[in-house]
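Take a look at the letters that make up each chain.
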Protein chains: 2
Amino acid sequence: MIGTRPAGQHTVRQHNAALVLGAIADGPGTSRAGLSAATGLTKATVSSVVDRLIGADLVAEGEPERRVGPGRRGTVVSLSPTGPHGLGIEIGVDYLASCLVDLTGTVRAEEVRYADNRTPRVFQRVSAFLRSARKQAEALGVPVAGVGVAVPGVVESSSGLVRLAPNLGWRDVDLADRLGETFTVANEANFAALAELWHGSALPDFVHVSGEIGIGAGIVLDRALFEGVRGAGGEIGHLPVAPDGPPCSCGANGCLERMAGQEEILRLAGAETVDDLISALEAGNDAAAVAVATAAGHLGVGLSTVVNLMDVPAVVLGGTYARLEPWLREPLLAELERRVPSTAWSPVRLVRSSLGTRAAVRGAAGAVIRAVLADPEHYLTTHWPSDQDARGR
Amino acid sequence: MIGTRPAGQHTVRQHNAALVLGAIADGPGTSRAGLSAATGLTKATVSSVVDRLIGADLVAEGEPERRVGPGRRGTVVSLSPTGPHGLGIEIGVDYLASCLVDLTGTVRAEEVRYADNRTPRVFQRVSAFLRSARKQAEALGVPVAGVGVAVPGVVESSSGLVRLAPNLGWRDVDLADRLGETFTVANEANFAALAELWHGSALPDFVHVSGEIGIGAGIVLDRALFEGVRGAGGEIGHLPVAPDGPPCSCGANGCLERMAGQEEILRLAGAETVDDLISALEAGNDAAAVAVATAAGHLGVGLSTVVNLMDVPAVVLGGTYARLEPWLREPLLAELERRVPSTAWSPVRLVRSSLGTRAAVRGAAGAVIRAVLADPEHYLTTHWPSDQDARGR
């Protein structure tokens, strides 16, 4: 699972720390008395937990609470802007991206380096990039609580192994072993969907689809990522949308990625880059319009499958598809209506993501933060060993 | 949700009754002392619950427990064979089926009547069939706790409304309103998958696919039915396996049902019935073999989608597909291997259902029983009103 630590023996201390920190995250600028009311814990317990969270710079004290009427004004607390940060790294086919977020999910630094990663040297390159990202955090004077890594491939949730990343030429890659440290590794589309859940349209149920060189999807059901039985669910890049179509890099024919991926759209439109394609679309170029409509048809066939199987009421277009949304929308909706019986009584909602092409790396960084918020005691134990003596069972 | 009652304010009494009855179902022939050990409830509580369950004939006393060593031998209890029964009704396109099961899930009576149900008279016919099935139960001297109805269509879980059953020509049909009583209505493929879960291969995660006139699938993840966001999930009949193929009755083209349904296989093979087809296959008839292999290819395209999206490790072939399994197996597995990247490290298991063509109606009857076992207190309240005074909060 992404974004939460594996279930374990949670002590009362762990539970209370998570409860109080969660209440602070939900209502920044609350007094200890307010937290007591919000959590049902005694003021003494809240104060003790808050003091420890302040000690580890997870929480910071702010201006005294404004209050109308009598009574002592309590000092308010909020998530600390200098506290643990989450570092996200995305290994794209032709770029590396990093993103550093604070406890509130605010982006503090980001970087992108373009280069073809379809080379064995990619691991050295990622290692150097990671060092550079850590230096950014040092320069900002903030600690890094953990690193989330987004990869364009299938990740087995039990092992963290990248089972298959065809566009990178990877098979059974153990990043922890290759890079000498542990990460939260997940499929880039899953991280992008989580970023959309945390910072985007606020829909509880949606499929997030983004099209770059590969096509990835992340499916969110009831505000949680749907990962299938063994963590490799939500794979839509190789849905067969034209089973007798041209061969795909995976060995099958007419996969969604082959028929509606960025490379195919650019090829059909005779454009070099997505910027060129958009200029052509804006200028009313016929070939460009036909290329996007053709891709929209294939995307509609593939997404109809997802909607029919999951009964999911909304599609969020991310990445390059978000940029192409004005031209994709109508042909895509038409194909969905034709192929999804349930649109007769409940139409599919089509939403354009506001997160842009950096959603995946933001989700990777955010997953680290969500893990700290879900179990601050674990962060205290692993990052503040000097606090050891103060800890009980 | 099928098989359990909607969540409500469960009292301690409700909880204890379900706990004790569940322990009896799991270990028939257990003494009150054994139930106390199994549930953690006091012997006094267990005795009081058991007495009430015996009073309503949910549980029956049997032979004294055999015991080696000293101590009083306790009387053992089991689910009562004359207790509440579940009645399942299946409304097929060309048949009506009924099935009566006891608390252990054992089939006590079943009936099938063949007739084309694509007529407005279907509701009268179902009503008469239901009366006849109830008379069977009366003749056996057993009470009917409820009726599950399996339909070949999309059922909205919140309303119980049959939103769409194209092969019956139904749109927004309220069976409770049409027939003047309430039922547990669900898609036949979902009921069939539950029957497979309860009485079949004992797999925790699988997709059950059955092909008759329509093609239905039920998806079981972690021993529970996956119904998608609004209860209409798992629809695979209209997955586009040949998007530019011949028109389907739904208005789209090349749907799985159109390309790999029973009618298409028979047409391609030049056979009248499934029995004829199987005779031809056994005789080594070429046209029959090609027809089944062609359908297997399309089925592989459709199922690859399900496996890629859900990461589900097993496919159970039910209904007509179970009968055709020896001829479907190889071409189907080949297509799955070609289309599902994860087969490289974890092959898809293909299992033939042992439940035959009556799985759906058995699941419909079983859902009633599961609901009684999950909340016996509700059954006592609604079916044994004379017990009213004995009940607390």
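All of these numbers come straight from a predicted model, not from anything done at the bench. (Residues numbered from 1 in each chain as written. Chains lettered and ligands numbered in written order. Predicted model: local features only at pLDDT ≥ 70, side-chain atom pairs only at ≥ 80, totals over all residues. Heavy atoms only, no water.)

## Comments concerning the overall build of chain A
Counting its regular elements, chain A contains 13 helices and 16 strands. Structurally, chain A occupies a C-alpha span of about 70 × 50 × 40 Å along its principal axes. Here the analysis covers contacts within chain A between residues at least 6 apart in sequence; of these, 62% occur between residues at least 24 apart. Entry remark: accessible area of chain A is about 16,200 Å², with carbon and sulfur atoms responsible for 50%. One way to put it: in chain A the 35 positive side-chain charges average out to a point 6 Å from where the 43 negative ones average out. (Helix = DSSP H or I, 4+ residues; strand = E, 2+ residues; numbered from the N terminus. Contact = heavy atoms within 4.5 Å. Areas by Shrake-Rupley, 256 points an atom, 1.4 Å probe, with all protein chains shown as cover. Lys, Arg positive; Asp, Glu negative; His and termini not counted. Charge placed at Lys NZ, Arg CZ, Asp CG, Glu CD.)

## What about the pattern of salt bridges?
All names here are of chain B. Under the defined criterion, the tally for this structure stands at 30 salt bridges over all chains. In this structure, Arg 113 and Glu 111 form a salt bridge, with 3.0 Å as the shortest nitrogen-oxygen distance. Across the pair Glu 335 and Arg 338 runs a salt bridge whose closest N-O atoms are separated by 3.7 Å. With Glu 335 and Arg 338 both in helix H11 (residues 319-339) and three residues apart, this pair spans about one turn of that helix. The exposure class assigned to Glu 335 is buried, which follows from its relative accessible area of 15%. (Salt bridge = Lys/Arg side-chain N within 4 Å of Asp/Glu carboxyl O. Buried < 20%, exposed > 50% of the residue type's maximum accessible area, 1.4 Å probe, protein only.)

## Examining the packing of aromatic side chains
Each pair of aromatic rings is reported with the distance of its centres and the angle of its planes. Residues and elements named next belong to chain A. Under the definition given, this model contains five aromatic pairs over all chains. Judged by centre distance (5.1 Å) and plane angle (25 degrees), the ring pair of Phe 123 and Trp 170 falls under stacked. Of this pair, Phe 123 sits in helix H4 (residues 122-140) while Trp 170 sits in strand S10 (residues 170-173), and the two are 47 residues apart along the sequence. Each member of the pair, Phe 123 as well as Trp 170, is classed as buried. Above the plane of the ring of Tyr 95 lies Arg 358, whose end atom (NZ or CZ) is 4.9 Å from the centre. (Phe/Tyr/Trp six-rings, centres within 6.5 Å; stacked < 30°, edge-to-face > 60°. Lys NZ or Arg CZ within 6 Å of the ring centre and 35° of its normal.)

## A short note on the interface of chain A and chain B
Chain A puts 44 residues into the contact, and the matching count from chain B is 44 residues. Counting each side, the surface lost to burial between chain A and chain B is near 3,700 Å², with a carbon and sulfur contribution of 60%. Looking only at chain A, the three residues that lose the most surface to chain B are A:Arg230, A:Leu309 and A:Trp345, adding up to 21% of its buried area. Applying the counting rule to chain A against chain B returns zero salt bridges. (Buried area = accessible area lost by both parts, 1.4 Å probe.)

## Brief notes about the packing of helix H6 (residues 188-199) of chain A against helix H12 (residues 359-374) of chain A
Residues and elements named next belong to chain A. The geometry of H6 relative to H12 is characterised by a closest axis approach of 7 Å and an angle of 70 degrees between their N-to-C directions. With respect to their mutual orientation, H6 and H12 come out roughly perpendicular. The segment H6 lies against H12, with Glu 188, Phe 191, Ala 192, Ala 195, Trp 198 and His 199 engaging Ala 359, Ala 360, Arg 362, Gly 363, Ala 364, Gly 366, Ala 367 and Arg 370. Taken together, the residues of the contact of H6 with H12 break down into eight nonpolar, three polar and three charged. (Axes fitted to C-alpha atoms, helices over the stretch in contact; angles between N-to-C directions. Parallel < 35°, antiparallel > 145°, perpendicular 65-115°, else oblique. Nonpolar A, V, L, I, M, F, W, Y, C, P; charged D, E, K, R; others polar.)

## A look at the sheet that holds strand S4 (residues 85-91) of chain A
Residue and element names in this part refer to chain A. With respect to topology, five strands assemble into an open sheet ordered S6-S5-S4-S7-S11, the strand pairing being mixed. Two strands in the sheet have a free side with no partner beyond their single neighbour: strand S6 (107-114) and strand S11 (184-187). For this sheet the average axis-to-axis angle between neighbouring strands, irrespective of direction, equals 15 degrees. (Pairing = 2+ DSSP bridges.)

## A few points about the sheet that holds strand S11 (residues 184-187) of chain B
All names here are of chain B. Taken together, the five strands give an open sheet; going across it, the order is S6-S5-S4-S7-S11, and neighbouring strands pair in mixed fashion. Looking at which strands have only one partner, the edges of the open sheet turn out to be strand S6 (107-114) and S11. Adjacent strand axes in the sheet meet at a mean angle of 15 degrees when their direction is disregarded. Two elements, strand S4 (residues 85-91) and strand S7 (residues 144-151), share six bridges in a ladder whose sense is parallel. Note on S7: the bridge partner recorded for Ile 89 is Val 149.

## Here we look at the domain arrangement of chain A
Residue and element names in this part refer to chain A. Splitting chain A by domain gives domain 1 (85-192 + 358-371) and domain 2 (201-354). Relative to domain 2, the C-alpha centre of domain 1 lies at a distance of 24 Å. Counting residues at the interface gives 13 residues for domain 1, matched by 16 residues for domain 2. When domain 1 packs against domain 2, the two sides together hide about 1,100 Å² of surface, and 49% of this comes from carbon and sulfur. Together, Asn 167, Ala 189 and Asn 190 form the three largest contributors to the area buried by domain 1 at its contact with domain 2, with a combined 40%. At the boundary of domain 1 with domain 2, the tally comes to zero salt bridges. Summed over the shared surface of domain 1 and domain 2, the result is one residue pair in polar contact (both at pLDDT 80 or more). Looking at the side of domain 1 that touches domain 2, the elements that each hand over two or more residues are strand S8 (154-155) and H6. (Domains from an automatic or database assignment. Polar contact = N/O pair within 3.5 Å; in protein donor to acceptor, adjacent residues only side chain to side chain.)

## Observations concerning the UniProt feature "domain: HTH marR-type" (unreviewed entry) in chain A
The sites that carry the UniProt feature "domain: HTH marR-type" (unreviewed entry) are, in the present numbering, residues 17-62 of chain A. Along residues 17-62 of chain A, the helical share is 67% and the strand share 13%, with 20 Å between the first and last C-alpha atoms. (UniProt positions renumbered as here; feature names shortened; annotations may be inferred.)

## Section: helix H3 (residues 43-55) of chain B
Residue and element names in this part refer to chain B. Counted at 1.5 Å a residue, the expected span for H3 with its 13 residues is 18 Å, and the 18 Å between its end C-alpha atoms agrees. Every buried residue belonging to H3 is among Val 46, Val 49, Val 50, Arg 52 and Leu 53, and all of these are buried. Buried residues in H3, looked at end-on, bunch into an arc of 160 degrees, giving them a common side. Exposed residues lying more than 90 degrees from the buried face of H3 are Lys 43, Ala 44 and Gly 55. Downstream of H3 by one or two residues, Asp 57 has phi in the positive range, about 60 degrees. (Expected span 1.5 Å × (residues − 1). Arc of directions from axis to C-beta.)

## Remarks on the pairing of strand S16 (residues 349-352) of chain A
Across four bridges, the pairing between strand S15 (residues 314-318) of chain A and S16(A) is parallel. When the bridges of S16(A) are listed, A:Val316 appears paired with A:Val351.

## Considerations on the relation of the copies chain A and chain B
Note on the chain copies: they are related by a rotation about an axis and a translation along it. The transform that puts chain A on chain B rotates by 180 degrees and translates by 0.1 Å along the axis, for an RMSD of 0.1 Å. In the structure described here, the two chain copies are related by an operation that fits a two-fold rotation axis. When the interface residues of chain A are mapped onto chain B, 100% of them are again interface residues, pointing to one common binding face. (Least-squares fit on C-alpha atoms with pLDDT ≥ 70 in both.)

## Observations regarding the packing of helix H9 (residues 274-282) of chain A against helix H10 (residues 286-310) of chain A
Residue and element names in this part refer to chain A. Where H9 contacts H10, the two axes come as close as 8 Å, and the packing angle between them is 110 degrees. It follows that H9 is roughly perpendicular to H10 by the angle criterion. Remark: the crossing between H9 and H10 carries left-handed chirality. Two secondary-structure elements touch here, H9 through Leu 277, Ala 280 and Leu 281 and H10 through Ala 288, Ala 289 and Val 292. Tallied by class, residues from the contact of H9 with H10 come to six nonpolar, no polar and no charged. (Left-handed = near helix turned anticlockwise from the far one by under 90°.)

## Things to note about the side chain of A:Thr39
All names here are of chain A. If you trace the backbone, Thr 39 turns up in helix H2 (residues 32-39). Classification of Thr 39 by relative accessible area gives buried; the value is 17%. Within the local environment of Thr 39, its side chain forms a polar contact with the backbone oxygen of Leu 35, the two atoms lying 2.8 Å apart. There is a polar contact of 3.2 Å between the side chain of Thr 39 and the backbone nitrogen of Leu 41.

## Observations concerning the environment of B:Ala232
Locating B:Ala232 in the fold gives a position in the loop between strand S14 (224-226) and helix H7 (256-260). In this structure B:Ala232 comes out as buried when scored by relative accessible area, which is 11%. Each C-alpha atom, one on B:Ala232 and one on B:Gly153, is 9.1 Å from the other, the two residues being 79 residues apart in sequence. Discounting chain neighbours no more than four positions away, the residues touching B:Ala232 are A:Asn308, A:Asp311, B:Val154, B:Val155 and B:Glu227.

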